Amino acid sequence: MVDMMREIERKYETTDDGALAGALPELAGVAGIAQVRDQGTVTLDATYYDTPGQRLAADGITLRRRTGGDDAGWHLKLPVGPDVRDEIRAPLSDALPPHLAGLVRSRVRDTGLVPLVHLLSERHVHHLVDNDGTLLAELSADRVTARRLTPAPGDPVSWTEVEVELAEGGDPALLDTLEPYLTDAGLRRADLPSKLARALAETGPRGEKPEKKSGKPGKKDAAKKKAAKKAAKKAEATAGDTVLDYVRRQITTIVTLDPAVRLDTPDSVHRMRVATRRLRSAFRSYRKVLDRTVTDPIGAELKWLAAELGIDRDREVLTARLGERLAEVPVELRLGPVAARLEIWSHARRTGSRDRLIGVLDGERYLALLGALDALLAAPPLRQAAARPAAEVIRKAVLRDYERLADRLEPVLDAPSGPERDVVLHEARKDAKRARYAAEAARPALGAPAKAFAGLMTEVQELLGDHQDSVVAREALRELAIQANAAGESTFTVGLIYGREEAIAATRERELPGLWAEVSRNEHRAALQN
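None of these values were measured; they are calculated from a predicted model.

K.L.:
Outline the pattern of salt bridges, listing residues and values.
P.N.:
Any two side chains of opposite charge can pair, so long as their charged atoms come close to each other. Scanning all chains against the criterion turns up 52 salt bridges. With a closest N to O distance of 2.7 Å, Arg262 and Asp362 form a salt bridge. In this pair, Arg262 is assigned in helix H7 (residues 239-262) and Asp362 in helix H11 (residues 353-362), connecting sequence segments 100 residues apart. Owing to a relative accessible area of 12%, Arg262 belongs among the buried residues under this scheme. Taking the relative accessible area as the measure of exposure, Asp362 reaches 36% and is therefore partly exposed. Notably, a salt bridge pairs Arg325 with Glu328, separated by 3.0 Å at the nearest N-O pair. On the criterion of helical spacing, the pair formed by Arg325 and Glu328 is a turn pair, its members being 3 residues apart in helix H9 (residues 292-328). Judged by relative accessible area, which is 10%, Arg325 ranks as buried. The partly exposed category is assigned to Glu328, whose relative accessible area is 45%.

As structure tokens, this is what we get:
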């Protein structure tokens with residue numbers, strides 16, 4: 001069982017090197033806070049670990065071994081959003097626990113971890129509680145002393161900071177409510193998100209301190225500058241710039257989602273699988289930009305990874321679909337233990353799949369793929385077309401994928417239903433997805449027409465996807481019926497569901513010609529051709 005908690009906190013800076021209590025305002029009576037309870041002072045001694053190149057710090061991740069306080073042990077913090085991080089804990093030990101090592105494997109790879117920074121904090125803690133004595137938040141003032149350990153021990157630096165951390169299940173709005181009281185007391189929001197980030201900044205090779213905020217420009221000025229910068233970037237962008245930016249985002253997504261997949265976070269497997277598909281699709285769609293002799297082998301490995309990620313995902317989706325169909329059947333028509341049979345069938349296909357996936361992520365083949373993706377970004381295999389204006393090259397690639405879809409789909413629009421047509425429609429679904437991803441990558445270069453066209457391709461993909469899901473569901477239902485019959489159970493209800501899936505497929509087939517006609521005459525698709 002993983003010990004994980006969500007940490008929601010804000011950090012504030014103070015230049016007061018005197019008594020810590022002098023930095024804390026009076027908060028009793030503010031936002032439901034009935035009392036501020038002094039919890040005394042505790043000494044926290046932490047060593048932070050990273051690769052020599054600081055791969056964890058670059059992604060806002062911290063890994064530390066800490067003694068002192070009531071949570072001594074190993075702590076891994078993964079960024080979630082502004083003020084929010086997930087903290088995974090492990091008991092105190094000399095060596096990094098294996099499950100934490102796995103969670104940083106996509107960043108660390110085969111590089112060893114080294115002690116990066118040592119932090120010693122004298123923490124003065126206050127609990128903010130309501131009338132019932134329930135903890136709302138913890139307010140702490142830390143006197144921090146930091147020393148760089150790698151690449152060589154350095155001189156210590158010190159500073160004082162204040163943290164407000166919500167209690168578990170606390171309302172994030174409390175942080176906004178408290179902030180004016182803290183700033184009125186002479187504090188200001190910290191420039192950097194963590195103690196480690198500040199320690200690295202202040203103990204860097206030139207001893208540079210983080211830049212202090214000196215005021216923000218007006219919203220209108222900032223918006224104008226942002227728009228001008230975006231327009232200039234769009235005008236100057238090459239096809240290589242546009243494609244590599246998209247490729248980089250997908251690679252970042254794969255690496256970032258690795259810990260979430262290991263932690264079995266909802267939807268993480270699906271999102272990681274989609275990123276592998278988007279990346280592989282970009283290699284195929286933009287083969288005029290990226291050299292296929294380099295990207296094809298990587299694409300083959302991405303296909304392998306997507307398949308491994310899909311083993312359990314496909315089962316989950318199919319089980320949920322069959323469960324929905326069963327729920328639609330009136331109770332009086334549910335004959336036999338259909339729900340139990342479905343559960344047994346699904347469970348039999350899950351056995352070992354979770355362990356298998358973790359084995360894949362821990363394996364050398366996966367690490368080699370991540371290394372190949374790093375190498376691709378470090379030395380992009382650009383072809384001659386990559387230097388041309390983005391819009392010119394990107395438009396042709398999107399239209400080429402659209403024509404590929406049209407060539408496959410149009411001949412079977414009016415063909416009779418049957419297994420052969422099902423196969424063609426399934427392949428057309430893949431083509432629609434490829435055209436959609438190509439259009440998504442094209443948005444920075446082509447703007448609104450690309451966005452709208454991607455939306456159209458999504459509609460085609462979803463319609464064809466629902467049709468294919470019905471084909472797969474009927475295959476599963478036939479298998480369930482055979483098992484039920486062999487066990488002497490009624491197959492009546494399974495037959496009803498089978499008929500419902502047949503009707504769904506027939507409906508999608510009737511809808512397809514009309515949707516495709518809409519795509520063919522769509523003004524945004526036409527705009528891509530002009």
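After presenting the structure, the write-up continues.
K.L.:
Can you explain the packing of aromatic side chains? Please cite residues and give values.
P.N.:
Evaluated as defined, the whole model comprises 3 aromatic pairs. Considering the side-chain rings of Tyr49 and Trp74, the 5.4 Å spacing of their centres and the 40 degrees angle between planes classify their relative orientation as tilted. Taken together, the residues span a long stretch of sequence, with Tyr49 in strand E2 (residues 35-50) and Trp74 in strand E4 (residues 73-81) at a distance of 25 residues. Between the aromatic rings of Tyr402 and Trp516, the centroid separation amounts to 5.7 Å while the plane-to-plane angle is 15 degrees, which identifies the pairing as stacked.

K.L.:
Break down the nonpolar core for me, citing the residues and quoting the values.
P.N.:
Val247, Tyr286, Ile394, Val398, Leu409 and Trp516 are the most contacted members of the largest nonpolar core, which has 74 residues in total. Residues in contact with Ile394, not counting those within four places in the same chain, are Ala239, Thr242, Val243, Tyr286, Ala442, Ala445 and Leu446. In terms of nonpolar packing, the next biggest core, distinct from the first, is built from 19 residues, Val30, Leu128, Val162 and Leu187 among them.

K.L.:
Summarise the environment of Ala237; cite the residues concerned and give the values.
P.N.:
Here Ala237 shows up in the loop between helix H6 (219-236) and H7. Given the relative accessible area of 16%, Ala237 is considered buried. C-alpha of Ala237 to C-alpha of Ser281: the two residues are 44 residues apart in sequence and 21 Å apart in space. Those residues in contact with Ala237 that lie beyond four places of it in its chain are Thr242, Pro389 and Ala390.

K.L.:
An account of the pairing of strand E1 (residues 3-14) is requested, with residue identities and associated values reported.
P.N.:
In the sheet, E1 pairs with strand E5 (residues 84-90) via 6 bridges, with the strands oriented antiparallel. Directly across from Ile8, in E5, lies its bridge partner Val84. As defined by bridge partners, E1 adjoins strand E8 (residues 157-166) across 6 bridges and the pair is classed as antiparallel. Residue Lys11 lies in a different strand from E8, and its bridge partner there is Glu163. Two strands pair when backbone bridges link them, and E1 and strand E9 (residues 188-189) are joined in this way by 2 bridges, in the antiparallel orientation. Looking at the pairing, Tyr12 lines up with Arg189 of E9.

About the criteria used
Residues numbered from 1 in each chain as written. Predicted model: local features only at pLDDT ≥ 70, side-chain atom pairs only at ≥ 80, totals over all residues. Heavy atoms only, no water. Salt bridge = Lys/Arg side-chain N within 4 Å of Asp/Glu carboxyl O. Helix = DSSP H or I, 4+ residues; strand = E, 2+ residues; numbered from the N terminus. Buried < 20%, exposed > 50% of the residue type's maximum accessible area, 1.4 Å probe, protein only. Phe/Tyr/Trp six-rings, centres within 6.5 Å; stacked < 30°, edge-to-face > 60°. Core = buried A, V, L, I, M, F, W, Y, C linked by side-chain atoms within 4.5 Å. Contact = heavy atoms within 4.5 Å. Pairing = 2+ DSSP bridges.

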